[in-house]
Amino acid sequence: MNLVESIRSAGVVGCGGAGFPAQVKAASKVEIVVANGAECEPLLHKDLELMIREPEAIVGGMKLLMAATGAQHGIIGVKKKYEDKLDRIKIALHGTNIALKFLGDYYPTGDEYVLVYETTKRLIPPQGIPLDVGVVVNNTETLRNIHLASQNHPFITKYVSIGGAVVHPSTFEVPIGISFDDVIKAAGGATVSEYAVFVSGIMMGKLETDLSLPITKTIAGLIILPTNHRLIQRKSLAMDAMLRIGKSACDQCSYCTEFCPRYLLGYDIQPHKVMRSLSFTATGEDIRNQWAQLCCACGLCTLYSCPEDLYPEETCEKVKKDLALKAIKWNGNRDIKIHPIYDGRHVPLKKLIDKLGISEYDVPAHFMDKKFSPNQVRLPLLQHIGKPAHAIVSIGQQVKIGDVVAEIPEKELGARIHSSIDGRVKTIDDEIVIEKV
Ligand code: SF4
Ligand code: SF4
C-alpha cells in the first residue's frame, strides 16, 4: 500500500478541528509541509504533550508526507515558550530538511492563514487554502497518526486535554468514542457541582452540557467551567438576542476590526462594518458580504476586543450562513497588504486568558499514562468533512479493537471508522454503539 492508501485505510482525518480526510492532502503536490503545533486555544495542551511524548512519530509522519507530496522543506510551527521542552524533537530532526519555527505566544497563531504566513512568509489568497501557495498544513497529531497508519495502525485513540474546573488538569490518550463523563472522571472529576463543557476550546469550540457525548476524531480537549461563569452565560445567549443587542449597542468604535488577526494580515474583513450593516435590515446584505466572508471564527472580536461585550464573531458567522443560503458570492478586495502594525498588535495569550476570566485555571495539563476500558463507545458516522461513513457491521456482531465498522461511501470524500474496543455492536443509527463484552 502507498501512503495515501494507508492513510485512507486507517481512517486518519485532521486533528486540528475540521476533520478533513488526510489522504486528500497526502495526494497533493506541494513545496512545503507545515506542522501545526501552535496550540493557541487557552488551557489546551495536548499538542505540546504529544510533542514531548511522541516526537519521533510526528517527525516520521512529516517525512512520509514530504516524500508523498514531493515537498523539499518541512517546518514545525511551535511556541517559543516551549523550546526547553523540545529536546527530543530537536534530536529527531537531526539530518532532516525539517526545521522548527518558533512562534510568539499570542492568539491565534494556529489559524492556518496566520501560521502559513509566520512559517513561510506566504499569504494564502482570500478564500483560498494553503495548497494555493504550495503548502500543506497538518496538525502534529495528524502527522503522528499518518506515521501510525504507515505501520497499519488504525486511528482509534485520541489525545485530549481536560482542563478548567477539574481536580487534576491532564492530557490523556483515550479510545475514540469514550464519553466526556469517563474522561472528566479520569481527571479527578469536576471541582464544582454545576458546570458545562467547552469542547475543543473556549475561543472556537462548542458549549455542551451532555456528558454522555463521545470523544471524536476531531476533539482536542474539554474545558470545564462553572455554569455561572460569564463565558458560559455569554455563549448560551440566543442568536436573535445577540443580533438585537448588537444592533442597538454597537458604537462603531472598530476595535473588533483593529484587533482582527485576518484584517491585520491584510485581508478584506471588517467586522465593525458587518455590525453596522445589522441596521440595514435586508438592504445591506451584499455589502455585509464584503466584510464577513474571510472571518475564521477565531472569536477574538467577541471575547477580547469589543469593549461593549457584543457579538461580532457570531454576527459574521450568521451573515456567512445567510449569504451562502442565498448563493451570494464573495467579491471583496483581493489585494493583500500586511497592516503596518501587524507585528505590534498581537494579542498575548496571557492577556486573553486574563480577559476571559480563566487565569485560575491556567496550569499545565501534563500527560497522564492511564489505561481506559470504557463499558461502551459511541462512534458517530460523521466525524470528518465529507459524507458520513456507512456501517458494515450489524447489531449483535462481535468486533475486535481495530476492526473496520464503517466504510467510506463509494466515490465520496470521507473516512473509515474502526472499533476502539473489543465488544459487541449494540445499536446503529447515525452512530455505532459498541458495548464491552
Ligand atoms: S468592537 Fe464592539 S462596539 Fe466596537 S465596533 Fe466592534 S462590535 Fe461595535
Ligand atoms: S472572529 Fe472576529 S477577530 Fe476573528 S477573524 Fe472573525 S472577525 Fe476577525
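None of these values were measured; they are calculated from a predicted model.

Enquirer: Give me the lowdown on the pattern of salt bridges, citing residues and values where you can.
Expert: Summed over the entire model, instances satisfying the criterion amount to 24 salt bridges. Put simply, Lys 80 and Glu 83 hold a salt bridge, and the shortest N to O gap is 2.6 Å. Overall, Glu 83 belongs to the partly exposed group, its relative accessible area being 24%. A salt bridge links Lys 90 to Glu 83; the nearest nitrogen and oxygen atoms lie 3.6 Å apart. Under the relative-accessibility criterion, Lys 90 is labelled partly exposed at 29%. Connected via shared salt-bridge partners are Arg 53, Glu 54, Arg 144, Glu 173 and Asp 369.

Enquirer: Hey, could you go over the environment of Ala 35 for me, with residue numbers and the actual values?
Expert: With respect to the element layout, Ala 35 can be found in strand S1 (residues 32–37). Taking the C-alpha atoms as reference, Ala 35 lies 9.9 Å from Val 116; in sequence the two are 81 residues apart. Sequence-distant contacts of Ala 35, that is, excluding residues within four places in its chain, are made with Met 62, Ile 75, Ile 76, Gly 77, Asn 138, Thr 140 and Leu 143.

Enquirer: Requested: an account of the sheet that holds strand S16 (residues 417–418), with residues and values cited.
Expert: Taking strand neighbours across the sheet as the criterion, the 3 strands line up as S13-S15-S16 in an open arrangement whose pairing is antiparallel. Every other strand in the sheet has two partners, leaving strand S13 (390–391) and S16 as the edge strands with one partner each. Summarising the sheet, S13 and strand S15 (residues 404–407) pair through 2 bridges and their orientation is antiparallel. Directly across from His 390, in S15, lies its bridge partner Glu 407.

Enquirer: Just give me the short version of the state of the cysteines, but keep the residues and values in it.
Expert: Here the structure, examined in full by the defined rule, presents 0 disulfides. With no disulfide partner, Cys 316 has as its closest neighbouring cysteine sulfur the one in Cys 295, 4.7 Å distant.

Enquirer: Please provide a residue-by-residue account of the pairing of strand S2 (residues 73–79), values included.
Expert: Counting buried positions along S2 yields 6 of 7 residues, so the element is predominantly enclosed. Pairing geometry for S1 and S2, over 6 bridges, is parallel. Of the residues in S2, the one forming a bridge with Val 33 is Gly 74. Bridge analysis of S2 against strand S3 (residues 98–103) gives 6 bridges, and the strand direction is parallel. Within the sheet, the bridge partner assigned to Gly 77 lies in S3 and is Lys 101. Read as a crossover between parallel neighbours, the route from S2 over helix H5 (residues 87–93) to S3 is right-handed.

Enquirer: Residues and numbers for the site of ligand 1, please.
Expert: Surveying the vicinity of ligand 1 reveals 13 residues, the closest of which are Cys 250, Cys 253, Ser 254, Cys 256 and Cys 306. Of all the secondary-structure elements, those providing two or more residues to the shell around ligand 1 are helix H11 (255–258) and helix H13 (271–277). Of the residues that constitute the shell around ligand 1, the class distribution is 8 nonpolar, 3 polar and 2 charged.

Enquirer: Mind laying out empty space enclosed by the protein, listing which residues take part and the relevant values?
Expert: In this approach, a probe sized like a water molecule rolls over the atoms, and the result shows the empty space that is left. By the definition in use, this model includes 3 cavities of 30 Å³ or more. There is about 90 Å³ of room inside the largest cavity. Lining of the largest cavity is provided by 15 residues; of these, Cys 260, Ile 269, Cys 295, Cys 298 and Cys 301 occupy positions nearest its centre. Looking at the lining of the largest cavity, the elements that each hand over two or more residues are helix H15 (300–305) and helix H16 (312–325). Per-class residue counts for the lining of the largest cavity are 13 nonpolar, 1 polar and 1 charged.

Rules used throughout
Residues numbered from 1 in each chain as written. Chains lettered and ligands numbered in written order. Predicted model: local features only at pLDDT ≥ 70, side-chain atom pairs only at ≥ 80, totals over all residues. Heavy atoms only, no water. Salt bridge = Lys/Arg side-chain N within 4 Å of Asp/Glu carboxyl O. Buried < 20%, exposed > 50% of the residue type's maximum accessible area, 1.4 Å probe, protein only. Helix = DSSP H or I, 4+ residues; strand = E, 2+ residues; numbered from the N terminus. Contact = heavy atoms within 4.5 Å. Pairing = 2+ DSSP bridges. Disulfide = S-S within 2.5 Å. Right-handed = clockwise from strand over helix to strand, strands pointing away. Near = heavy atom within 4 Å. Nonpolar A, V, L, I, M, F, W, Y, C, P; charged D, E, K, R; others polar. 1 Å grid on protein atoms, 1.4 Å probe; cavity = no way out; pocket = protein on both sides within 12 Å on 5 of 7 lines; lining within 4 Å. Points joined across faces, edges and corners; volume = space filled by probe spheres on them.

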